[in-house]
Amino acid sequence: WYQRRVREILDKMLKQPMFEGLTGLIKFDKEGGPVKKTYDLVNFRTRDVVKVGYWSPTERLVMKENETIIWNGQSEEVPTSAVKILKGTKLRMGITHEPPFIMIDDNCTAKDPTNLDCYSGLCIELVELLKSILKFDYEFVLSEDRKFWVS
């Protein structure tokens, strides 16, 4: 029930030509994709939302050097519990091709699906950033039906 309701809400939003989002005006093209291909990275804080970076297809992931990420617990320090739990762990992440968030080079994965150079996009770069902070390793598991939703 929950997944169906979320999907209905998202479908309704995508059918609107534009609406005001948290970081500004959001517009969609005829295919339902965003007109603006730059995505803000925001840090939800106790009383506000702060832009800490952005991603675009041309500039890639850009973090603002003058903005510090405030973690849960209102600390600038990465939570030690997260580091302890994830450090040295290998995560398996289910993914599917969904540009510009996840792009999969099928020619590359046909040769070696474990080659991380076969994958790019906003989500891939965020995983790499988190890996560098939290010291975990990962592998991608491709969705067999190339969908996110469970029918």
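For the structure, see preceding data.
From a predicted model like this one, the values you see are computed outputs, not experimental measurements.

Cut-offs applied
- The written sequence of each chain sets the order in which its residues are numbered from 1.
- For this predicted model, a pLDDT threshold of at least 70 governs which residues receive local features, and a threshold of 80 or more governs which side-chain atom pairs are given and counted, while totals over whole chains, interfaces and linings are taken from all residues.
- Excluded from the side-chain calculation are hydrogens and water; included are all heavy atoms of the structure.
- Buried Ala, Val, Leu, Ile, Met, Phe, Trp, Tyr and Cys residues form a nonpolar core when they are joined through side-chain atoms within 4.5 Å.
- The cut-offs for exposure are 20% and 50% of the maximum accessible area for each residue type, with area from a 1.4 Å probe on protein chains only; residues under the lower value are buried, those over the upper are exposed, and the others partly exposed.
- Each helix is a run of DSSP H or I of at least 4 residues and each strand a run of E of at least 2, with the numbering of both proceeding from the N terminus.
- Residue contacts are counted whenever heavy atoms from the two residues lie within 4.5 Å of one another.
- Note on definitions: the grid is 1 Å and covers protein atoms alone; a cavity is a set of points where a 1.4 Å probe fits but cannot get out; a pocket is an open set with protein on both sides within 12 Å along at least five of seven lines; lining residues have an atom within 4 Å of a point.
- Grid points are joined across faces, edges and corners, and a volume is the space filled by probe spheres set on the points.
- Amino acids are sorted into nonpolar (Ala, Val, Leu, Ile, Met, Phe, Trp, Tyr, Cys and Pro), charged (Asp, Glu, Lys and Arg) and polar (every other residue, Gly among them).

K.L.:
Just to check I follow, could you spell out the nonpolar core for this structure?
P.N.:
One broad trend across soluble globular proteins is that nonpolar side chains are buried collectively. Grouped together as the largest cluster of nonpolar side chains are 13 residues, with contacts concentrated most on Met93, Ile95, Tyr119, Phe136, Tyr138 and Phe140. Sort the elements by how many residues they give to this core and helix H4 (residues 122–134) lands first, with 3 residues. What Tyr138 contacts, discounting residues up to four positions off in sequence, is Lys90, Leu91, Met93, Leu116, Val127, Glu128 and Lys131. In this structure, Tyr39, Val50, Val52 and Trp55 belong to the second largest nonpolar core, which totals 6 residues.

K.L.:
What should I look at first to understand the layout of surface pockets in this one?
P.N.:
A water-sized probe, rolled over the atoms, reveals where empty space remains. Within this model, the second largest pocket holds a volume of roughly 390 Å³. Lining the second largest pocket are 17 residues; nearest its centre among them are Val42, Asn43, Ile69, Trp71 and Leu130. Put simply, the parts of the chain that give the lining of the second largest pocket at least two residues each are strand E3 (39–44) and H4. Considered class by class, the residues forming the lining of the second largest pocket number 14 nonpolar, 3 polar and no charged.

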